[in-house]
Amino acid sequence: MKQREWGAELIFAVVLLLFAAGLRFAGLGFGQPDPIYFPSYAPRQMVHPQIHIHPDEYEFVAIPLEMVVRDQLDLDYEYPSFTALSAYLTYRLTDASAGITLTDREGVGSRSYAPFPLYVIVRTYSALAGVFTVAGAYALGRCLGGQRTAAIAGLLTAASLTMVQHSHYATSSSMAAAFTVLGLWTAVMALRSGRPIRWLVPSSAAMGLAASSRFQMAVAGVVPLLVGLILLGRTRTRQQAWTVLMAWLAAPLAGAIGSPWVVLGFRDFLRQMWFFVTQYSGYGVYADPAMQTPYGLLFELRYLALLGVGLPAALAAILGLAAGLSSYPGLGKLLQERGRFLPVSIILAFLVVYAALVLRTTRPLHADQLLVPFIPAVTVLAGMGAAWLIERLPLPRTAATPALVVLLAVWPLTLSVPAARLFTQPDTRDLMLAWIHKHIPLGSTFYLHGSYNLALDEGLYPHVRTFGGETIPLGDLLRQGVAYVLVSDIGVYDLGRASEFVAESAGAEARAYQEELARHYPVLARIERPAALGRDWFNNTLFSWHNPTLTLYCLTDAACAAVR
């Protein structure tokens, strides 16, 4: 490569990573509580259990802090623990627990345990992993198809709504994606390198670390397994067999290092693994048959095409897959092939196994996070397809390349850029909390109906709360002296978006309850979720975890008159 071309590519890669970082770090402190509204929590550096953050973030932030404060590793951890272990070590090294004692946390649940800045720390890990994933997709595309493939794969990964959204959460999805794309890239290098074992070991270890981040990533072990078998087919010696076997052992070893609870608490691990498997396969005791479908894989793939990468990129990925497999060298030369057929076949094997065992969920309503480790492989195939098409279009490459890049990137960018901006804006719950403190007298009693409702300090506003479709009869509320009802519509809204497979009986009680409120009681304030492209599309959890439409009712004449 000429020095000028190398310099241009380096500049592009740096700009791409900075752009990806901008999308992922913008608004990383969303959900930060204003201490003025939380006098029962702020003095002890605690957060209200219902502050508006991703519903799983507590597990990866608060539990590691509790381990540090108790000076005891918790073997009954509910998730694969690489992210939590990273947080634990960070807290240890930075003395993040200074000033927090067991006494001031006695009886406090994990949802209130950690100071809010610790959420931003763990989210930073997630955002950095998201940027690393972009770099990994670029490197994998560069290895398989050159500069154009790399540029398009990196851009699509950077711009994906799913990748941007989940990089904002202190959860393990982005970390799993980063290790997965690293494992795929090193696997391809192992197939092409003159010294493949040097690459097979890190590939195997990366897939083990991916599994230590998310349980389902154990299926990614198919990648080093197949690469090892190919290497054994190329060199049939006892030494090679032992070398490959030792490389394979890097996966469970890395997995145990990244998630030691799997080994130290093996029984708990099996119990938790069974819980997750049965929940997503539809056999769990908590699974609601009215909210399940046997077509979860199709819904996941539709989400991938519409929200994950965009329809043009999904079609380009199919084209890239066909282009890669079209280079089949014949059975006699298959194992010695150093082109694109074997690497693309390995990527295809990963995608097929992952889709069959993970994406085939019966509960696709909130399962977009399952696609986060899946998307980078799809964007690389899309880059290959786009590069193949550019070579064959009857247009000058100087015109075809930017035109096709724009066609592929405009769809995901139209979704992800507003999403990143949304994280920097006040949530509807921030706006409603400020309205209530300005207009409703302190000490007024509330009923908070519906999931993802307001975080009200009970010391300022006594309240009762129900989640999901649970309701409290209006007559009982009046007898209990409740003056105001605040409705979050997230549950009903989500079920309405999933009406293709969710039975009408699901959420019927909550819908009827909200309709009765609207008929008989005056609305004091209503804050709508912001308008955005894709807002009403099924499984867009950006509008499940954030910005519910909130409606405030007064139940008595006195309560209505008391509003300032």
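Refer to the structure above for everything that follows.
Here is a short report on the structure shown in this document. All values reported here derive from a predicted model rather than from experimental measurement. (Residues numbered from 1 in each chain as written. Predicted model: local features only at pLDDT ≥ 70, side-chain atom pairs only at ≥ 80, totals over all residues. Heavy atoms only, no water.)

## Some details on the nonpolar core
With 85 residues, the main nonpolar core has Phe-350, Tyr-354 and Phe-374 as its most contacted residues. Among the elements that take part in this core, helix H16 (residues 341-359) stands out by supplying eleven residues, more than any other. Tyr-37, Val-122, Leu-454 and Ile-527 belong to the second-largest nonpolar core, a separate cluster that totals 50 residues. (Core = buried A, V, L, I, M, F, W, Y, C linked by side-chain atoms within 4.5 Å. Buried < 20%, exposed > 50% of the residue type's maximum accessible area, 1.4 Å probe, protein only. Helix = DSSP H or I, 4+ residues; strand = E, 2+ residues; numbered from the N terminus.)

## Brief notes about the state of the cysteines
Inspection of the entire model under this criterion finds one disulfide. The disulfide partner of Cys-554 is Cys-560, and the gap between their sulfur atoms is 1.9 Å. Judged by the sign of its S-S torsion, about 85 degrees, the cystine formed by Cys-554 and Cys-560 is right-handed. Note on Cys-554: relative accessible area 1%, which makes it buried. A relative accessible area of 24% places Cys-560 in the partly exposed class. (Disulfide = S-S within 2.5 Å.)

## Observations regarding the pattern of salt bridges
Tallied over the entire structure, the rule returns 13 salt bridges. Between Arg-302 and Glu-500 there is a salt bridge, with the nearest N and O atoms lying 2.7 Å from each other. One end of the pair, Arg-302, is in helix H14 (residues 296-308); the other, Glu-500, is in the loop between helix H21 (490-497) and helix H22 (508-520), with 198 residues separating them in the sequence. Taking the relative accessible area as the measure of exposure, Arg-302 reaches 31% and is therefore partly exposed. As a salt-bridge pair, Asp-476 and Arg-479 come within 2.2 Å of each other at their nearest N and O atoms. With Asp-476 and Arg-479 both in helix H20 (residues 474-479), this residue pair falls three residues apart, about one helical turn. (Salt bridge = Lys/Arg side-chain N within 4 Å of Asp/Glu carboxyl O.)

## What to know about the packing of aromatic side chains
Taken as a whole and assessed by the stated rule, the structure comprises 18 aromatic pairs. Pairing Phe-30 with Phe-423 gives two aromatic rings, centres 5.1 Å apart and planes at 50 degrees, and the pair type is tilted. Placement of Phe-30 in the loop between helix H1 (3-25) and helix H2 (57-70) and of Phe-423 in helix H18 (residues 397-424) is noted, with a sequence separation of 393 residues between them. Pair check on accessibility: Phe-30 and Phe-423 agree, each one buried. The structure contains a cluster of three or more aromatic residues connected by ring pairs, namely Phe-30, Tyr-169 and Phe-423. Residue placement shows Arg-105 over the ring face of Tyr-113; its charged tip is 5.5 Å from the ring centre. We note Arg-529 situated over the ring of Tyr-493; from NZ or CZ to the ring centre the distance is 3.5 Å. (Phe/Tyr/Trp six-rings, centres within 6.5 Å; stacked < 30°, edge-to-face > 60°. Lys NZ or Arg CZ within 6 Å of the ring centre and 35° of its normal.)

## Concerning the environment of Ala-151
With respect to the element layout, Ala-151 can be found in helix H6 (residues 147-159). For Ala-151, a relative accessible area of 19% puts it in the buried group. Distance in space between the C-alpha atoms of Ala-151 and Val-380 is 9.5 Å, their sequence separation being 229 residues. Apart from the residues lying within four places of it in its own chain, the contact partners of Ala-151 are Phe-12 and Tyr-138. (Contact = heavy atoms within 4.5 Å.)

## Let's talk about the sheet that holds strand S5 (residues 550-554)
In space, the five strands of this open sheet follow the order S2-S1-S3-S5-S4, with mixed pairing throughout. On the outer flanks of this sheet lie strand S2 (463-466) and strand S4 (523-527), each paired with one strand and no other. Each neighbouring strand pair of the sheet contributes to a mean axis angle of 15 degrees, computed without reference to strand direction. As judged from the four bridges shared by strand S1 (residues 446-449) and S2, these two strands associate in the parallel manner. Bridge pairing in S2 links Leu-448 to Arg-465. (Pairing = 2+ DSSP bridges. Axes fitted to C-alpha atoms, helices over the stretch in contact; angles between N-to-C directions.)

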